Amino acid sequence: MKKVLWILTLLLAASLIVAACQPTPVEPVAEEAPAEEAAPAEAEEPAEAEEMAFPDLGGREVTIAVENAYLPFNYIDPDTGEPAGWDYDVWNEICAVINCTPVYVEAAWEGMIQAVADGQFDAAADGITITEERAEIVDFSTGYVAIEQRLLVRIDEDRIESIEDIVADEALKLGTQTGTTNYATAATFLPEERISGFEQFGFVVQAVIAGDIDAVIIDEVAGQGYLGENADALKLVGPSLSSDFLGFIFPKGSDLVAPVDAAIEELAKNGFLDEVNAKYFGPDFSITYDDLFPPEEPTLGTEEDPIIWAVVPSGETERVVAGFEQVAAMIYDQTGLVITPFVATEYAGVIEAMCSDPAKAHMSSLATFSYILAADRGCAEAALVSVRYGSAVYNGQIFVRADSGITSIEELAGKTFCRPDPLSTSGWIIPSIELRAAGIDPDTDLAQVVDAGSHDASIAGVYNGDCEAGSSYVDARTRVEEDYPDVMDVIQVISVSADIPNDGVQFVAGFDAEVKAQIVAALLAIAETEEGQAALGEAYQWEALAEYDDTFYDAFRQVLDAAGVSVEDF
């Protein structure tokens, strides 16, 4: 900035020198008046005239084209919604000096210079670099700021330290905004086929961050603006590629050039430019392009932001994942929504994913008690309930090896016990209630409680003798018959619980109602097809799906209340 002020001061000094060198008419001197006494008065008059010599435009309206998208020169303040920036402050002050009324008109950068040349605007202020080519069609004001052109690259970029690195490596891609001196600078180093042109610098910068291009030539001031909140993603590298002055432009022959130049000189002289430069180019200016143009949030249900469907393996994890992936693919075919199944290791993980802020899962297939726990925390809302063996309810079972000699729950005191998951309704919540009803405290009266990880594993644990008893849904034994053909004979069921609502499909609280309706409709349709039934069966042994809301679980809540069980205990 000092360089600019020095030039302006030099220009002002030169104009004064020129004025002082011009011949001035001299009045004849009276004989009785010594010439040396009259000289001081004659010398003071031009100084007073110089002080008062600013043009007066009589309040004339001056239309000024601005882009309102070029920090820090002109932009729409994100806090107030009002136009702001260096251009506004300076032009307001210019008009205060020469008595004009600024009328700002938003215009796209593309075509702005030509529009001024055609007389559509009286002037344009948009950080326009003074060039000989542009000066052929428009007039420029005095240069008011020197701009350095730099390279902007990704923060982890280690191949580029200067423009020569890009020139030498044809694999590197350079981009910039079309119609700018930055593009012209790029063209001095590279053929046009190696330069990617964009309509706005915002698009270029996003292309760098995304890795579509490797570097962008940009004015350093604008580059600093883009760094802002992207300081962890971008950096400026290398020396200045060129140093250019910016100026306001006018139609050729405009009578505004001289008055505006006079005003600029005055603003440099009285310190206003110092103040406005410190305001917009100093460290206190914190507005960034992210503030002006917040990045759009990706749409939920797209590749960029898929809907997460969280489940817990009721059986072999690979089979569960494969089944849900098939179902998700069918939903995509019907709705275009991208859904990614996520298999957690336990129900608590799914509940936390649904209840976190922001939610880490958007859909779930929680078992009954886990759903009630999430629903009572305000995190989940029931939409569908699964149907197995023609019913929307199921039962839990407690089992032992047939050769163990155990025939009742009362005999399980001091025994080892395999459970699928501590929050599994049929695999532990209901069995633990039954154990207490039989006089056995599951926390103190069992020798050991083993978390098997799934219903299949609970069956296998008892079959293999790892535990003396276990629990699961009825009848998880059929899921392991391929590995244990005699499981129905070896594993003996000693207790079957009362009815329990089936698991199903739940959505995180506040989930978009329209998207939810699409998914529910798609799942109901899928469950009617042979292919869909096969996939649902592979995932969770679901034969069909039925629509039920949270009230479906009220009867089970009453069972828990009667048993003195509170969800808060878990």
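Residues numbered from 1 in each chain as written. Predicted model: local features only at pLDDT ≥ 70, side-chain atom pairs only at ≥ 80, totals over all residues. Heavy atoms only, no water.

**Some remarks on the overall build of the chain**
The condition is simple: A run of DSSP states H or I qualifies as a helix once it reaches four residues; a run of E qualifies as a strand once it reaches two. Both are numbered from the N-terminal end. When accessible area is computed with a 1.4 Å probe and restricted to protein chains, residues below 20% of their type maximum are described as buried, those above 50% as exposed, and intermediate ones as partly exposed. Every residue pair with non-hydrogen atoms within 4.5 Å of one another is taken to be in contact. Methods summary: accessible areas were calculated by the Shrake-Rupley approach with a probe of 1.4 Å, and residue burial reflects only the protein chains presented.
A count of helical and extended segments in the chain gives 21 helices and 26 strands. Of all 570 residues assigned to the chain, the portion counted as buried reaches 49%. Long-range contacts, defined as pairs at least 24 residues apart, comprise 76% of the intrachain contacts of the chain with a sequence gap of at least 6. Accessible area for the chain stands at about 26700 Å²; split by element, carbon and sulfur atoms hold 51% of it.

**Here's the deal with the pattern of salt bridges**
The criterion, for reference: We define a salt bridge as a side-chain nitrogen of Lys or Arg found within 4 Å of a carboxyl oxygen belonging to Asp or Glu.
In total, this model carries 19 salt bridges according to the counting rule given. With a shortest N-O distance of 2.9 Å, Lys-279 and Asp-89 are connected by a salt bridge. Here Lys-279 is found in helix H11 (residues 272–281), whereas its partner Asp-89 is found in helix H3 (residues 86–98), with 190 residues between them in sequence. In this structure Lys-279 comes out as partly exposed when scored by relative accessible area, which is 45%. For Glu-352, the salt bridge goes to Arg-377, with nearest N and O atoms at 2.9 Å. Of the two residues, Glu-352 is situated in helix H14 (residues 347–355) and Arg-377 in the loop between helix H15 (368–376) and strand S17 (380–387); the sequence distance between them amounts to 25 residues. We classify Arg-377 as partly exposed; its relative accessible area is 45%. Residues participating in the shared-partner salt-bridge network are Arg-154, Glu-157, Arg-159 and Asp-214.

**Looking at the side chain of Gln-506**
Threshold: For the purposes of these results, a polar contact is taken to be a pair of N or O atoms within 3.5 Å, where, inside protein, one atom must be able to donate a hydrogen and its partner to accept one; residues adjacent in sequence count only when each atom of the pair is a side-chain atom.
Tracing the backbone shows Gln-506 in strand S25 (residues 504–508). Overall, Gln-506 belongs to the buried group, its relative accessible area being 0%. Here the side chain of Gln-506 touches Ser-364 through a polar contact of 2.7 Å, side chain to side chain. Non-local contacts of Gln-506, meaning those with residues more than four positions away in its chain, are made with Met-354, His-362, Met-363, Ser-364, Ser-365, Leu-366, Tyr-371, Ala-380, Glu-381, Ala-382, Ala-383 and Tyr-553.

**Structural notes on the state of the cysteines**
The criterion, for reference: Any cysteine sulfur atom paired with another within 2.5 Å is treated as part of a disulfide.
One pass over the structure, following the stated rule, counts 3 disulfides. There is a disulfide in this structure between Cys-355 and Cys-379, and the S-S distance comes to 2.1 Å. In this structure the cystine formed by Cys-355 and Cys-379 twists about its S-S bond by roughly 120°; its chirality is therefore right-handed. You can see Cys-355 sitting in helix H14 and its partner Cys-379 sitting in the loop between H15 and S17, a full 24 residues away along the chain. Neither residue differs from the other here; Cys-355 and Cys-379 are each classed as buried. Here the disulfide map of the chain reads 1-2, 3-4, 5-6, the bonded cysteines being numbered as they appear in the sequence.

**Things to note about the environment of Val-90**
Tracing the sequence through the fold places Val-90 in helix H3. Spatially, the C-alpha atoms of Val-90 and Val-276 are 7.6 Å apart, while their sequence positions differ by 186 residues. In this view, Val-90 contacts Phe-248, Leu-267, Phe-272, Leu-273 and Val-276; residues no more than four positions away in its chain are not counted.

**So, the sheet that holds strand S3 (residues 74–76)**
Formally: Note on pairing: two strands pair once DSSP finds at least 2 bridges between them.
Pairing is antiparallel in the open sheet, where 3 strands are placed in the order S2-S3-S4. Two strands in the sheet have a free side with no partner beyond their single neighbour: strand S2 (69–70) and strand S4 (83–84). The pairing of S3 with S4 spans 2 bridges and is antiparallel. Note that in S4 the partner of Ile-76 across the bridge is Pro-83.

**Focus: the sheet that holds strand S15 (residues 339–343)**
The following threshold applies: Between N-to-C directions, angles cover 0 to 180 degrees, with each direction set by a line fitted to C-alpha atoms, over the stretch in contact for helices.
Ordered in space as S15-S14-S16-S25-S17-S26, the 6 strands form an open sheet in which the pairing is mixed. Each edge of the sheet is formed by a strand with only one pairing partner; in this case those strands are S15 and strand S26 (544–547). Taken together, the 2 bridges between strand S16 (residues 363–364) and S25 define a ladder with antiparallel strand orientation. Pairing of Ser-364 across the sheet is with Gln-506, part of S25. Seen against the sheet, H15 touches S17 and S25 and runs at an angle of roughly 160° to S17.

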